[in-house]
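Listed here are the chains, written in short residue letters.
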Amino acid sequence: MASIQYPSPVKAPPHVVSLLDRLHQLSRTQEDAVDTQEVEAQGFDNYMRDKFIALDRDKAEFVYQLARAINAKTIVEAGTSFGVSTIYLALAVSRNVTAGTGPGVVIATENEKTKADKAREHWKEVGDEITGCIQLREGDILQTLKHDLPDVDLLLLDIWAPIALSVLKLVQPRLRRGAVVIADNTIGAAPKYKDLLAYMRAPDSPFTNLTLPYSKGLELSVYLP
Ligand SMILES: C[S@@+](CC[C@H](N)C(=O)[O-])C[C@H]1O[C@@H](n2cnc3c(N)ncnc32)[C@H](O)[C@@H]1O
């Protein structure tokens, strides 16, 4: 039976579609080959040093669509890796900016230099449309987001789960009312996200939360203090 082709909200030139095809494929192949014994032997950070672990394509398309819907012009991406989700976020921001007024930025964050370098190469392949609106902050996110943070429309938490809550607390004072926070793998990695989820779901939390049924879950939270 022929598979159904669902529409993608991301209208991008053919070279960008091929680049995204290639990067998602590479990421998927790496993830399918993850060897849990090697992760234990090498330690999580060491093992993941050369791995994409890109946001799944359907999730990335959802975040793109959401960024367009809320007209996000300032986005913080916690965890950039090789820059795959950044491409979606920057395409959305550049289109929101073109459609409206004022500047837009995706603040990308990565502490592995080799990953940051590779991410820049990928963005260059996409072209000026996105390179102009990405600001890559290299180094430990808990330091690089401490200063010069503008008001934020959308925060993508795609970082190692144990530091996700610290990142959220760092960005929270800059979230505008109605800002959206997306956290990946909140079903699959629920035990690791225990602190984050308890904080966001507490009865007096300023966040309203919805767990979307993507593979391993995707949390969509809205900041309504
Ligand atoms: C899941 S990956 C991000 C994937 C990316 N969003 C994408 O879709 O391509 C998480 C990234 O966070 C980075 N990271 C982990 N801890 C960090 C820290 N303390 N500061 C900055 N980056 C960090 C890792 O090196 C890794 O590349």
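Everything below is about the structure shown above.
Residues numbered from 1 in each chain as written. Predicted model: local features only at pLDDT ≥ 70, side-chain atom pairs only at ≥ 80, totals over all residues. Heavy atoms only, no water.

1. Comments concerning the overall build of the chain
- From N to C terminus, the chain includes ten helices and seven strands.
- Scaling as 2.2 N^0.38, a compact globule of 225 residues should have a C-alpha radius of gyration of about 17 Å, and the chain matches this with 17 Å.
- Taken along the three principal axes of its C-alpha coordinates, the chain extends 50 × 45 × 45 Å.
- In the chain, which comprises 225 residues, the share counted as buried stands at 48%.
- Long-range contacts, defined here as pairs at least 24 residues apart, represent 74% of the contacts in the chain between residues at least 6 apart.
- A total accessible area of about 11300 Å² is found for the chain, and carbon and sulfur atoms account for 54% of it.
- For the chain, the centre of its 25 positive side-chain charges and the centre of its 29 negative side-chain charges are spaced 4 Å apart. (Helix = DSSP H or I, 4+ residues; strand = E, 2+ residues; numbered from the N terminus. Rg over C-alpha atoms; globule rule 2.2 N^0.38 Å. Buried < 20%, exposed > 50% of the residue type's maximum accessible area, 1.4 Å probe, protein only. Contact = heavy atoms within 4.5 Å. Areas by Shrake-Rupley, 256 points an atom, 1.4 Å probe, with all protein chains shown as cover. Lys, Arg positive; Asp, Glu negative; His and termini not counted. Charge placed at Lys NZ, Arg CZ, Asp CG, Glu CD.)

2. Focus: the layout of surface pockets
- In this structure, the largest pocket spans a volume of roughly 1200 Å³.
- Every residue lining the largest pocket is counted, 47 residues in all, and those nearest its centre are Phe44, Met48, Ile53, Trp160 and Asn185.
- The set of elements that each furnish at least two residues to the lining of the largest pocket consists of helix H1 (14-32), helix H2 (36-42), helix H3 (44-48), helix H5 (84-99), strand S2 (105-110) and helix H9 (161-171). (1 Å grid on protein atoms, 1.4 Å probe; cavity = no way out; pocket = protein on both sides within 12 Å on 5 of 7 lines; lining within 4 Å. Points joined across faces, edges and corners; volume = space filled by probe spheres on them.)

3. Here's the deal with the pairing of strand S6 (residues 207-212)
- Note: S6 against strand S7 (residues 218-223), six bridges, orientation antiparallel. By the bridge assignment, Thr211 is partnered in S7 with Glu219.
- Between S6 and S7, which follow one another and run antiparallel, lie five residues, and Lys216 among them has a positive phi close to 65°. (Pairing = 2+ DSSP bridges.)

4. Some thoughts on the environment of Ile187
- Residue placement: Ile187 occurs in the loop between strand S5 (175-184) and helix H10 (194-201).
- Residue class for Ile187 comes out partly exposed when judged on its relative accessible area of 48%.
- Through-space distance from the C-alpha of Ile187 to that of Lys216 is 4.9 Å; in sequence the pair is 29 residues apart.
- Not counting residues within four places of it along the chain, the set of residues in contact with Ile187 comprises Thr211, Lys216 and Gly217.

5. Overview of the site of the ligand
- Taken together, 20 residues are adjacent to the ligand, and Leu55, Gly79, Ser85, Glu110 and Asp158 come closest.
- Residue Ser85 places a side-chain N or O atom 2.8 Å away from a nitrogen atom belonging to the ligand.
- One of the side-chain nitrogen or oxygen atoms of Lys115 is found 2.9 Å away from an oxygen atom of the ligand.
- Spatially, the ligand is embedded in the largest pocket.
- Here the residues of the shell around the ligand sort into nine nonpolar, six polar and five charged. (Near = heavy atom within 4 Å. Polar contact = N/O pair within 3.5 Å; in protein donor to acceptor, adjacent residues only side chain to side chain. Sits in = over half its atoms within 2 Å of the grid points. Nonpolar A, V, L, I, M, F, W, Y, C, P; charged D, E, K, R; others polar.)

6. Things to note about the side chain of Asp184
- By the secondary structure assignment, Asp184 is in strand S5.
- In this structure the side chain of Asp184 is engaged in a polar contact, spanning 2.6 Å, whose partner is the side chain of Lys59.
- Here Asp184 is in contact with Leu55, Lys59, Leu157, Asp158, Tyr193, Gly217 and Leu218, once residues within four sequence places are set aside.

7. Thoughts on H10
- Taken together, the buried positions of H10 are occupied by Leu196, Leu197 and Met200. Viewed along the axis of H10, the buried residues span an arc of 90°, placing them on a single side of the element. Structural note: H10 exposes Lys194 and Asp195 on the side pointing more than 90 degrees away from its buried face.
- Packed against the buried residues of H10 are strand S4 (152-157), H9, S5, S6 and S7. (Arc of directions from axis to C-beta.)

8. Here's the deal with the pattern of salt bridges
- Within this structure, the stated rule accounts for 17 salt bridges.
- Of the charged contacts, one joins Arg28 and Asp56 as a salt bridge, the two residues approaching to 3.1 Å between their closest N and O atoms. Of the two residues, Arg28 is situated in helix H1 and Asp56 in the loop between H3 and helix H4 (57-69); the sequence distance between them amounts to 28 residues.
- In this structure, Lys51 engages Asp50 in a salt bridge whose closest nitrogen and oxygen atoms are separated by 2.7 Å.
- Since its relative accessible area comes to 14%, Lys51 is described here as buried. (Salt bridge = Lys/Arg side-chain N within 4 Å of Asp/Glu carboxyl O.)

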